[in-house]
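Read off the chains here:
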Amino acid sequence: MNACDDSVESKVNPKTATLYSAALEDGDYHSRSEKLTALALGLFTPFPEKMQINRAFGKNMYQQYAHEGFANLFDIGAGPMPKGHEWAPRRRFLYIDHNASIVEHARKKLRPEDAAVYERGSVGDIPSLFEQGLGERAFNGDRKLAIASNAVLMFASDEDIKAAFSYLYAWCAPGSVATITIIGVTARENAFRTRMISNVLRWIGAQMYVRNIGTFKSLFAPWSIVRGPIPTWEWLSWPPSTRTAGIGFDLYAVQLMKCGSESSRGRKSC
Ligand SMILES: C[S@@+](CC[C@H](N)C(=O)[O-])C[C@H]1O[C@@H](n2cnc3c(N)ncnc32)[C@H](O)[C@@H]1O
């Protein structure tokens, strides 16, 4: 399945995955020089710690989905080291990522018993991929989903996110949830510090949208926000360090729900 041969490849920035991989113990998608860049970044920014917290967040999210009994998991921007099928075994998985070499790298590690489908596709491709039947096939006609998107949506435009999430809202059954981590700031988007952050990210080759956390509600509408936005370290009760806590520029976690009568075991309806 490939709905994006002409459009996506030009926008793919491999550094978004290689620097992440280089900062992690289980990373397997980076070169020696990226390991050095990640170490150097760690000298004057909280980058490696942020990435480790984010990986721990992904594990915690999948374990929570398993605990709550979700059978169908859809990971948007699953990256080169997807572990959802290991952290929440015996469920159906659909992974997508817009980077073809990442998809190829990750597919080699999937085993038939993992019940995981990994397709190339970007956030903006989700409506057309689902229109072509990808969701029906991957989840065997069951539309109650637990969606994950961990450290991805800061690389996608407002337009693509809105199109994907409003489509998914209409497609999914009530009781479906989505757990997202995304870069955010508490300051104004046009504040001097916010612009400096964007410039540094561009300088290291990891350009991203730096959004004010107040914009998330409209970004994910009509989903209801049932938790967050909360910095990921706080969500996990990760012991706050001065490098990570309270700096107003963070990976924020948000949980969304399509409210209705079929809310999942143990989850408050909204
Ligand atoms: C920092 S990595 C996170 C990977 C994974 N979610 C995890 O937590 O291990 C970001 C991933 O998002 C993917 N990505 C970035 N922009 C994307 C987009 N617009 N559509 C789909 N995937 C995207 C990148 O290729 C990369 O694999």
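The coordinates are above.
Everything in this summary refers to the structure shown in the same document. (Residues numbered from 1 in each chain as written. Predicted model: local features only at pLDDT ≥ 70, side-chain atom pairs only at ≥ 80, totals over all residues.)

Attention now goes to helix α2 (residues 32-44). Those residues of α2 that sit buried are Glu34, Thr37 and Ala38. Viewed along the axis of α2, the buried residues span an arc of 100°, placing them on a single side of the element. Within α2, the exposed residues directed more than 90 degrees away from the buried face are Arg32, Ser33, Leu36, Ala40 and Leu43. In this structure, the buried side of α2 is in contact with α1 (15-22) and α3 (47-67). (Buried ≥ 20, exposed ≤ 12 C-beta atoms within 10 Å, placed from the backbone. Helix = DSSP H or I, 4+ residues; strand = E, 2+ residues; numbered from the N terminus. Arc of directions from axis to C-beta. Contact = placed C-beta atoms within 7 Å.)

Before going further, it helps to examine the nonpolar core. In terms of nonpolar packing, the biggest core is built from 68 residues, with Leu73, Ile147 and Leu153 touching the most fellow members. Excluding residues that lie within four positions of it along the chain, Ile147 makes contacts with Phe74, Ile76, Leu168, Val177 and Ala178. (Core = buried A, V, L, I, M, F, W, Y, C linked by C-beta atoms within 7 Å.)

Glancing now at the site of the ligand. Taken together, 19 residues surround the ligand, and among them Gly77, Gly79, Ser122, Asn150 and Phe155 come closest. It is α1 that contributes the most residues to the shell around the ligand, three residues altogether. Tallied by class, the residues present in the shell around the ligand amount to ten nonpolar, eight polar and one charged. (Near = placed C-beta within 6 Å. Nonpolar A, V, L, I, M, F, W, Y, C, P; charged D, E, K, R; others polar.)

Turning next to the environment of Asn60. Position of Asn60 among the secondary structure elements: in helix α3. Spatially, the C-alpha atoms of Asn60 and Leu236 are 8.0 Å apart, while their sequence positions differ by 176 residues.

With that settled, consider unusual backbone geometry. Outside of glycine, negative phi angles account for most residues, and trans bonds account for most peptide bonds. With an omega of 5°, the peptide bond between Ala221 and Pro222 qualifies as cis. Inspection of the secondary structure assignment puts Pro222 in the loop between α10 (216-220) and β7 (224-231). The linkage connecting Gly228 with the following residue, Pro229, adopts the cis geometry, with an omega of 0°. With respect to the helices and strands, the residue Pro229 is situated in strand β7. One non-glycine residue with positive phi stands out, namely Arg90, at about 65°. Checked against the element boundaries, Arg90 lands in the loop between α4 (84-87) and β2 (92-97). Owing to 10 C-beta atoms within 10 Å, Arg90 belongs among the exposed residues under this scheme.

Turning our attention to the environment of Lys35. The topology assignment puts Lys35 in helix α2. For the pair Lys35 and Tyr20, spaced 15 residues apart in sequence, the C-alpha separation works out to 9.6 Å. Setting aside its immediate chain neighbours within four residues, Lys35 contacts Ala22 and His30.

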